[in-house]
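Residues per chain, in single letters:
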Amino acid sequence: MWFKNVRVYKLSAPLSTDTAVWEQALAEFKFSPLSAQEAVKTGFSFPLHASVKQYCHACQHLLFFAVKRQEKILPAAVINEEMQPKLEAMEQEKGRPLSRKEKQSLKEELQLSLLPRAFSRSTLTQGYYDPDNQWLVINSGSASKAEDVLALLRKALGSLPALPWLDNTKLTTHLQLWLQNQALPQGFSLGADAELKAPDEEGAKVKFSNHLLSADEVQSHLQHKLVTSIGLEQPDRLSLAVSDEGALKRLKFHDLLTGQNDELGWDDLVARLDADLLLMASTVNQALSAIQQQLNSAAE
């Protein structure tokens, strides 16, 4: 429910805000469990709760969705244990070592035969469409996983003109300033975590955790390295890390914030989940707006 990482995309053209249109489109690509011979499968699932059978859930002006991914788990050790006797038998039969291509073919055949016996693992990735800001906000720290969600959305909706929400060149410049406690986004203060990397071929890295970032031992690295991640905090609201890719990672919402809706209880599940979703999304959106406005104001 409460997002842990965020990848954000800016749309160059608005999407429909008709929940019926979204519901029909997403339902056509709904998730169904893996068959015995399938290794991985994705599809849309229910974003609010398993008991609320909606593929698109509207919360005020926001449209929430979720993508479920299920994959078979075949540990390398298991594959190798099964493969070794088959490999030895084939080499003895042929009277020579198998080529790399033959070994790969044998491995693929073995994996296919093991799939029906493999355990499966499922993950759910939530996101929402904010038509006011033309943002798609995906609860993932992984660029590839977020792109997989976009690809499925694009297939369902027919068109999805989405680009990263920030100019990475501007962001790199600001990350350097933020580590010097300069030009921070409104409402934010410098946190206690940072990562830096040298721009040369060797790419020397340094990471500070729970550290006083204003200390000379940290600031001295700015002479030869670029900030790749920096922690920011909003008192009594949330803390996060901004990466040089524009992702927000390690989101931690303050207990005072997450407890705001406790008085609602859980008798009305949908009402409580709606309240928490709206609180979470509004907090994330305020952080996104503050970061975006800081970058844009500096360019003016």
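For the structure itself, look to the data block above.
Residues numbered from 1 in each chain as written. Predicted model: local features only at pLDDT ≥ 70, side-chain atom pairs only at ≥ 80, totals over all residues. Heavy atoms only, no water.

**Some thoughts on the sheet that holds strand β12 (residues 248-253)**
Now for step 1: The antiparallel open sheet is built from 5 strands, whose spatial order is β9-β8-β10-β11-β12. Of all strands in the sheet, those with a lone pairing partner are β9 (205-208) and β12, marking the two edges. Taking each pair of neighbouring strands and ignoring which way they run, the sheet shows an average axis angle of 15 degrees.
Now for step 2: Judged from the 4 bridges that link them, strand β8 (residues 189-197) and β9 form a sheet pairing that is antiparallel. (Pairing = 2+ DSSP bridges. Helix = DSSP H or I, 4+ residues; strand = E, 2+ residues; numbered from the N terminus. Axes fitted to C-alpha atoms, helices over the stretch in contact; angles between N-to-C directions.)

**Describing the nonpolar core**
The nonpolar side chains of a soluble globular protein tend to be buried with one another.
Now for step 1: Formed by 48 residues in total, the largest nonpolar core has its most connected members in V137, W178, L179, L240, V242 and V284.
Now for step 2: For this core, the leading source of residues is helix α8 (residues 269-299), giving 11 residues.
Now for step 3: Listed in part, the 23 residues of the second largest apolar core include F65, A146, A156 and A162. (Core = buried A, V, L, I, M, F, W, Y, C linked by side-chain atoms within 4.5 Å. Buried < 20%, exposed > 50% of the residue type's maximum accessible area, 1.4 Å probe, protein only.)

**Let's talk about the packing of helix α2 (residues 76-94) against helix α3 (residues 100-114)**
Now for step 1: As a packed pair, α2 and α3 sit with axes 10 Å apart at the nearest point and diverge in direction by 135 degrees. In this view, α2 runs oblique relative to α3, as classed from their interaxial angle. When you trace α2 past α3, the crossing you get is right-handed. Of the residues in α3, those in contact with I79, E82, M83, K86, L87, M90, E91 and K94 of α2 are E102, K103, L106, K107, L110, Q111 and L114.
Now for step 2: For the contact of α2 with α3, the per-class residue count stands at 7 nonpolar, 1 polar and 7 charged. (Parallel < 35°, antiparallel > 145°, perpendicular 65-115°, else oblique. Left-handed = near helix turned anticlockwise from the far one by under 90°. Contact = heavy atoms within 4.5 Å. Nonpolar A, V, L, I, M, F, W, Y, C, P; charged D, E, K, R; others polar.)

**Comments concerning the packing of aromatic side chains**
Now for step 1: The final tally for this structure, using the stated rule, is 7 aromatic pairs.
Now for step 2: Judged by centre distance (6.1 Å) and plane angle (25 degrees), the ring pair of W22 and F65 falls under stacked. Placement of W22 in helix α1 (residues 19-27) and of F65 in strand β4 (residues 62-73) is noted, with a sequence separation of 43 residues between them. Accessibility classification places W22 together with F65 in one group, the buried group.
Now for step 3: Taken together, the ring pairs connect F3, F64 and Y128 into an aromatic cluster. (Phe/Tyr/Trp six-rings, centres within 6.5 Å; stacked < 30°, edge-to-face > 60°.)

**Details of the pairing of β12**
Now for step 1: For strand β11 (residues 238-243) and β12, the ladder comprises 4 bridges, and the chain directions are antiparallel. Following the sheet pairing, S239 is matched in β12 by K252.
Now for step 2: Where β11 hands over to β12, the hairpin turn is made up of 4 residues, of which G246 adopts a positive phi near 90 degrees.

**Some words on the side chain of T228**
Now for step 1: Among the structural elements, T228 can be located in strand β10 (residues 226-234).
Now for step 2: For T228, a relative accessible area of 18% corresponds to the buried category.
Now for step 3: Ignoring sequence-local partners within four residues, the contact set of T228 consists of E195, L196, K197, V242, S243 and D244.

**Concerning the pattern of salt bridges**
Here the idea is simple: oppositely charged side chains can pair when their charged atoms come close.
Now for step 1: Under the criterion given, the structure shown has 7 salt bridges.
Now for step 2: For E71, the salt bridge goes to R121, with nearest N and O atoms at 3.2 Å. Taken together, the residues E71 in strand β4 and R121 in strand β5 (residues 119-130) connect sequence positions 50 residues apart.
Now for step 3: One salt bridge connects R96 with E102, and the closest N-O pair in it is separated by 2.9 Å. (Salt bridge = Lys/Arg side-chain N within 4 Å of Asp/Glu carboxyl O.)

**Quick look at unusual backbone geometry**
Now for step 1: Its identity as a non-glycine residue notwithstanding, Q60 has a phi of 55 degrees, on the positive side.
Now for step 2: Mapped onto the fold, Q60 is located in the loop between β3 (57-59) and β4.
Now for step 3: Classification of Q60 by relative accessible area gives exposed; the value is 62%.
Now for step 4: Within the chain, N181 stands out as a residue other than glycine whose phi angle is a positive 60 degrees.
Now for step 5: Its place among the elements puts N181 in the loop between α5 (168-179) and β8.

Scope: geometric values only; no functional claims are made or implied.
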